[in-house]
Structure formats: structure tokens, C-alpha cells
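# An overview of the molecular structure
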Amino acid sequence: MVLLFLLLFIVPIASAQEEAFIGVNIGTDLSDFPHPTQVVALLKAQQIRHVRLYNADRGMLLALANTGIRVTITLPNEELVGIGQSNSTAANWVSQNVVAHYPATNITAICVGSEVLTSLPNVAPVLVDALKFIHSALVASNLETQIKVSTPLASSILLDSFPPSQAFFNRSWNPVLVPLLKFLQSTDSYFMLNVYPYFDYIQSNGVIPLDYALFKPLPSNKEAVDANTLLHYTNVFDAMVDAAYSAMADLNITNVPVLVTESGWPSKGDSNEPDANPDNADTYNSNLIRHVLNKTGTPRHPGVGISAFIYELYNEDMKPGPISEKNWGLFNSNGVPVYVLQLSGSGSVLANDTMNQTYCAAREGADERMLQAALDWACGPGKVDCSPLLQGQACYEPDTVFSHATYAFDAYYHQMGRAPGSCDFNGAATITTTNPSHGSCIFLESNYRNGTLLNTAIPASDSRSSGSEQTFKFSPAYIVIAAALLQIAQM
């Protein structure tokens, strides 16, 4: 009987995506939100190929154009009522926010609202109409196969979520969920779900072990077992995803794939939030990335990858609520990692794995003439792009030989693949593990892939940084002098 029950629950599902991916949410509640070009530079450097925006900001969409990055945009909750009541309003929204940017900007999905059932229940009656009107506008533009339409839901709409096999939706929402799921099924779209094991752990009052929430390996006798299917669960994430599949099956929907639109762990909290710390955030997000990219699947759907967007790219210091609400980001607004992701062996995505991250900096106390000579050599014969050191550019300030030399030394060091001897400059430079980033001059961890340098300073948000025709020039005589000084130092 158990075997029959198990077979009923392990069924093939349609895949609305080609393969499992890790993406990142980009929130904007920052007091110093970077210029869109800076954001995109960080995404490129970190090999992030999927992003979700909480709006359809024109500046971001333009900056993302021609990058190949797959973009999910959002129709904000405050616009839902108007869209859900007017087909023409929906058509105008799609025209302005999708058609105007596609295909240069690779928009692949639209989130219609966010957690509407739990955050704006009075708007729920128009949610499905809003989805349908947006989809109809895509059909009119022949974009319905390229761009999916769905709505992210909070996992709290799942009741009796363990064991996963007997989970069901809060039935008071069936008048909305039934037509929603049928719409997703008919359009080959995703069931978007926000999954936060951190909150499940915090609210369980000790019932859920921390290791189970963090994807840490568990001894077999500590694994959670679904008594109905005898499937073993080693983490909260998989249990919640399978609970969503069971809840959909309870409403006779078995072929809509789950896409996790938000998941993460805070790196800092109030005094009563001790488990919101960098170690746990690092552990959770590193393990989540590995879990997704290894295509482990869930116990109910082994080998069927679950894609997920990490919450989030930046810490949002303007977020209301406890300290933890402001500290879900992987990076600070200046692009410096909040903590070190331990991702060895998990591919190139989110390469802020800094286990072996080193930089090359000007040596404290080095002779200024030697620093100048080495700087001139790096920007000349060394073929370093020193344009960010021009006045008005991201790395001009502070306008000191020491600061400019550090930029040029580090760029050369990474240009040479951090080869032995590439950070010496006749004793004027030294290797350091301290990130020299400052202000808008971001020293991103470099990776050379097919000869392309990923460690580049992010351009300043000043309009002069785009379209400026300035170039960094050195006279031949100056280069000769620099080379001579270096040769003298070697004697």
C-alpha cells in the first residue's frame, strides 16, 4: 500500500525551464543604491545569469540590455488593481515595460504582484484577471512563448506542510488558487513560491534543528521521514517544495513546476536573533547554490532540478523592521561581499568564493618615485586599462600615487592570472587578502575565462563615465623613464 502511495506521488512534471539555475533578487531599499551600470558590472563579474527585479525600472532594463542576463520583472502590488480591471491598462504596461526593451533585454518572466494572498488579501479577487490580461498582451505581441507569467506566493499558504505528502493549501484561498493553477498549467508557466527555512526554523520553537534548516549533512537517524511515502528529508527547503507539489496535487494539478522566487538567510540580526549571522548565511546560501546546480532535485522528484533566486543581491539598509530584515544581501552597496561563499566545485556562478582570494596592493612605505615608475609601466607596457584612474572616473579619488598604483598593480596581477612574481614591481607591491575597494572603485574578485578579465572597476554613476571619449595616455618618453627606473632598481 505504501508503494502504491509513493508511486502516486512521484510523477513526471512539465519543465517550464531548460535546466535548474541560481538567480538573485535585486531589492532597491538602499540609501546608496548603485548606478544600474554598477549593478550590471557586479552581475557580470559574479557570473550571475538570472536576476529578478521588484519592478520594471527603465534604467535597470537598459543597463541589462545586450548582456544575455535573463531577467524576471515585476508588476508591483500597487498597480495590480488597475491592471486586473482593465485589459487596455495591462496592454499599455506590457508595451512600456516589456516590448520597449525586448529582445535587447532578455526578459523571460513577469511576476504579477508579490505574495498578494498574504500581504494584500483584498486585492486577491483581481489577481488571476491581472495575470490573464498581462498574458493576453504578450500574446498580442507574439511573446507568450518567450515570457512566462506567474505570481510569487508565500509558503505560509501551505497548511500541514509536514509530512509533505499530506500538505494542502489554505482552502479559503481555493477560489483564487484553482483558477490560478489552471492558468499556470494552460500557459506552461511556473508555480512561484518563496521559501524561507530561516523563518520556519525561528518559528518552530526548537522543533526544527538548525542543521536541518541549513542543508547541513544529517545522520540517517536524524532525517525527517514522511510516514506516508517513506521518503527521507534532509532539509527544510526540499520538504517545502514537495509540500507545494502535494498541495497542487490535492487540487488535481500535477504538471506545474515549482520555481523558488525567494530564499536566503540573514547575516545579521538583533540580540534576540542570534542565528542571523554570517556563518549561517554563508552555510545556507552556499549549500543552496550547490543543491540547485547539482540538480539533486527533491525526494519526491529526484534529479528534477529546482531553480531558485537568492534573496538578495544587496543589503537593504532602508528596510523597515528588525536588523535581520536589512541584512539578507550577498553584497554591500559598494560591491564588496558581506561574507565569503564557500563554493569550490560548484561552477562559476557567484564567484565571490574568496577562499583563495588575493589582491595586489602598493606596499606601505614604498618610495613614491618607484610607485610612480611602476604605475606608469603597468598602464603602458603592462597593458593595464587605467582609464578608471582618469579624473571624474570611479578610481580617480583619492588622487594619490599610492592609491592609483594599487589599482594598476592589482589589475596587472589578475591580468597575469595571479602568477608568481606578478605582484612585485621591484618590491613596490605586496599581496594582500584585504579588498582594496573604496567608494565606487570596486576591486572585484577576478576570474579569467577565455581571456576575458572579470575584475574591472565599476564605472562611476556620473554620466561622464558613459560616452566619455577620454583615454589614458602616456608619452613614449615617460614610459622609457619608467622602464629605466625599474631596471636601475634591479641592479
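This report concerns the structure included in the present document.

Analysis parameters
- Residues numbered from 1 in each chain as written.
- Predicted model: local features only at pLDDT ≥ 70, side-chain atom pairs only at ≥ 80, totals over all residues.
- Heavy atoms only, no water.
- Helix = DSSP H or I, 4+ residues; strand = E, 2+ residues; numbered from the N terminus.
- Expected span 1.5 Å × (residues − 1).
- Buried < 20%, exposed > 50% of the residue type's maximum accessible area, 1.4 Å probe, protein only.
- Polar contact = N/O pair within 3.5 Å; in protein donor to acceptor, adjacent residues only side chain to side chain.
- Contact = heavy atoms within 4.5 Å.
- Salt bridge = Lys/Arg side-chain N within 4 Å of Asp/Glu carboxyl O.
- Disulfide = S-S within 2.5 Å.
- Axes fitted to C-alpha atoms, helices over the stretch in contact; angles between N-to-C directions.
- Parallel < 35°, antiparallel > 145°, perpendicular 65-115°, else oblique.
- Left-handed = near helix turned anticlockwise from the far one by under 90°.
- Phe/Tyr/Trp six-rings, centres within 6.5 Å; stacked < 30°, edge-to-face > 60°.
- Pairing = 2+ DSSP bridges.

### A word on helix 11 (residues 236-250)
An ideal rise of 1.5 Å per residue puts 21 Å on 15 residues; helix 11 measures up with 21 Å between its terminal C-alpha atoms. Burial within helix 11 is extensive, with 13 of its 15 residues counted as buried. The N-capping residue of helix 11, defined by a side-chain oxygen 3.2 Å from the backbone nitrogen of Phe-237, is Asn-235. Directly beyond the C-terminal end of helix 11, a positive phi value near 65° is found at Asn-252.

### Brief notes about the side chain of Thr-261
Position of Thr-261 among the secondary structure elements: in strand 12 (residues 258-263). Of note is the side chain of Thr-261, whose polar atom sits 2.6 Å from the side chain of Asn-194. The contact partners of Thr-261, leaving out residues within four places of it in the chain, are Asn-25, Arg-52, Pro-152, Met-192, Leu-193, Asn-194 and Phe-309.

### Some words on the pattern of salt bridges
Under the criterion given, the structure shown has five salt bridges. Across the pair Asp-250 and Arg-171 runs a salt bridge whose closest N-O atoms are separated by 3.3 Å. In this pair, Asp-250 sits in helix 11 while Arg-171 sits in the loop between strand 8 (168-169) and helix 8 (174-186), placing the two residues 79 residues apart along the sequence. The closest approach of N and O atoms between Lys-216 and Asp-211, which form a salt bridge, is 4.0 Å.

### Examining the state of the cysteines
Across all of its chains, the model carries three disulfides by this definition. Between Cys-379 and Cys-386 runs a disulfide, and the two sulfur atoms are separated by 1.9 Å. Its S-S torsion of approximately -85° makes the covalent link between Cys-379 and Cys-386 left-handed. What connects to what in the chain, once the bonded cysteines are numbered by sequence position, is 1-5, 2-3, 4-6.

### Things to note about the packing of helix 5 (residues 87-99) against helix 7 (residues 127-140)
Between helix 5 and helix 7, whose axes approach to 8 Å, the crossing angle comes to 60°. Compared by their axis directions, helix 5 and helix 7 come out oblique. The two elements helix 5 and helix 7 cross, and the hand of that crossing is right-handed. Residues Asn-87, Ala-90, Ala-91, Trp-93, Val-94 and Val-98 of helix 5 form the contact with helix 7, whose own contacting residues are Phe-133, Ile-134, Ser-136, Ala-137 and Leu-138.

### A few points about the packing of aromatic side chains
Evaluation of the coordinates by the stated rule reveals 20 aromatic pairs. Relative to Tyr-284, the ring of Trp-265 lies with its centre 5.7 Å away and its plane at 35°, an arrangement referred to as tilted. Remark: Tyr-284 occurs in helix 12 (residues 278-293) and Trp-265 occurs in the loop between strand 12 and helix 12; sequence separation between them is 19 residues. You can call Trp-265 buried: its relative accessible area is 0%. Owing to a relative accessible area of 0%, Tyr-284 belongs among the buried residues under this scheme. Ring geometry for Trp-377 versus Phe-425: centroids 6.3 Å apart, planes at 70°, classification edge-to-face. With Trp-377 in helix 13 (residues 368-379) and Phe-425 in the loop between helix 14 (401-415) and strand 15 (429-432), the pair connects residues that are 48 residues apart, well separated along the chain.

### Examining the pairing of strand 9 (residues 191-194)
Along strand 9, one buried face is formed by Phe-191 and Leu-193 and the opposite face, lined by Met-192 and Asn-194, is buried too. Two strands pair when backbone bridges link them, and strand 6 (residues 153-154) and strand 9 are joined in this way by two bridges, in the parallel orientation. When the bridges of strand 9 are listed, Ala-154 appears paired with Asn-194. Across four bridges, strand 9 lies against strand 12 in parallel orientation. Paired with Leu-193 across the two strands is Val-260, which belongs to strand 12.

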